[in-house]
Amino acid sequence: MHSTTFLVAAFAAAAYASPMGPSNGSQNSTNGPSYTTGLLGNPTAAPNPTPNLGVVAELLTADSTVNRFRELQAEIAAGDVSLKFDFNPAANPGVTPGMGGQVDLANRANFPILTGLGISAAGIFFQPCGLNTPHIHPRATEFLTVVTDSNIFSGFVLENGLTAEFNTTLTQFQGTVFPQGSIHFQQNLDCKPAVAIAGLNSEDPGASSIAQNFIVNLDADIVDATLGFPKQIDGSNFAQFKKNIPLSLAKGVEECLIRCHIPY
């Protein structure tokens, strides 16, 4: 499978706010393989407890690790913090699912026992063909493992200077790594739901969706200049569109080029 396919999908997903797009009720296709919709997991799972406001700040300023865990012990006794995090989608009602699935992240904000431990984890629940669109984690390297009997295609681009795409396809109980700051994605190749679990070496890894934040959230003139002033972007002209994307630093926004009489 060629990476252009996933780039097209990523740009198409830019209209959606979450890393995997908004929810949608898919129907079985009559012209292709049948598929089963619905996220895997226990649909009756009880929601994870919501920590009290300010508890993480208190834990971060504890005088020692022992004092931090004493504070945690009190929070656990009060039922405001748990020693267990449930990745089931039903246990995370605050997460907005997308057309392709849902990512449930356990970090220090919603699982405060992680505070000071430098680790977090995510449960990724894919719909059939679900794509976790290209994104980066600014503060963490990720190690992803496929849990279900599935085929997950993944890839990453490291940084300027080495822009080759590293790709692999994972099956059940196989894993791969995405270096900190690298642009990476995961694609469910199957016609059935899938689940993967990812470990990240930061209690606050962060995530930035490339297409969504670039196309949707940046200044439109900056995006237009960066993309080489495309007249149209779709599947039929994507190859030509890619050729027109200038190297950094780009020539500049159209208004400035006109004002300065610079041809473009």
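It should be emphasised that the depicted structure is a prediction, and the values quoted were computed from it without experimental measurement.

### Some remarks on the confidence of the model for the protein chain
Averaged over the protein chain, the pLDDT score is 85; the fraction of residues at 70 or greater is 86%. Every residue in residues 1-30 scores below 50 in pLDDT, and together they form 65 contacts with partners more than four places removed in sequence or on other chains.

### Brief notes about helix H3 (residues 65-77)
With 13 residues, H3 should cover 18 Å at 1.5 Å per step; its first-to-last C-alpha distance of 18 Å lies within 8% of that length. Of the surrounding elements, those touching the buried residues of H3 are helix H2 (55-60). Backbone geometry just after H3 places Gly-79 at a positive phi near 85°.

### Topic: the nonpolar core
Nonpolar side chains in soluble globular proteins generally cluster together in the buried interior. Ala-122, Ile-124, Phe-126, Leu-144, Val-146, Ile-152, Phe-156, Leu-170, Phe-178, Ala-194, Ala-196 and Ala-198 form the largest nonpolar core, which has twelve residues in total. Within the residue set of this core, elements represented by two or more residues are strand E2 (120-126), strand E4 (142-146), strand E5 (152-159) and strand E9 (194-200). If we ignore the near neighbours within four places in the chain, the residues touching Ala-194 are Leu-40, Ile-124, Phe-125, Phe-126, Thr-148, Ser-150, Ile-152 and Asn-188. Within the second largest apolar cluster, ten residues are counted, among which are Leu-59, Leu-72, Ile-113 and Leu-114.

### Considerations on the packing of aromatic side chains
Across all of its chains, the model carries six aromatic pairs by this definition. When the ring of Phe-153 is compared with that of Phe-185, the centres are 5.7 Å apart and the planes differ by 55°; the resulting orientation is tilted. Of this pair, Phe-153 sits in strand E5 while Phe-185 sits in strand E8 (residues 183-188), and the two are 32 residues apart along the sequence. As far as the burial class goes, Phe-153 and Phe-185 line up, both buried. For the ring pair Phe-229 and Tyr-264, a centre distance of 4.9 Å and an interplane angle of 50° mean the geometry is tilted.

### Some points on the sheet that holds E4
If you trace the five strands from one edge of the open sheet to the other, you get E1-E2-E9-E4-E7, paired in antiparallel fashion. Two strands lie at the open edges of the sheet, namely strand E1 (101-106) and strand E7 (175-178), each paired on one side alone. Looking at each pair of strands side by side, their axes are set apart by 20° on average, direction ignored. Bridge count between E1 and E2: six bridges; the pairing is antiparallel. Bridging from a neighbouring strand, Asp-104 pairs with Gly-123 of E2.

Conventions adopted
Residues numbered from 1 in each chain as written. Predicted model: local features only at pLDDT ≥ 70, side-chain atom pairs only at ≥ 80, totals over all residues. Heavy atoms only, no water. pLDDT = per-residue confidence, 0-100. Contact = heavy atoms within 4.5 Å. Helix = DSSP H or I, 4+ residues; strand = E, 2+ residues; numbered from the N terminus. Expected span 1.5 Å × (residues − 1). Core = buried A, V, L, I, M, F, W, Y, C linked by side-chain atoms within 4.5 Å. Buried < 20%, exposed > 50% of the residue type's maximum accessible area, 1.4 Å probe, protein only. Phe/Tyr/Trp six-rings, centres within 6.5 Å; stacked < 30°, edge-to-face > 60°. Pairing = 2+ DSSP bridges. Axes fitted to C-alpha atoms, helices over the stretch in contact; angles between N-to-C directions.

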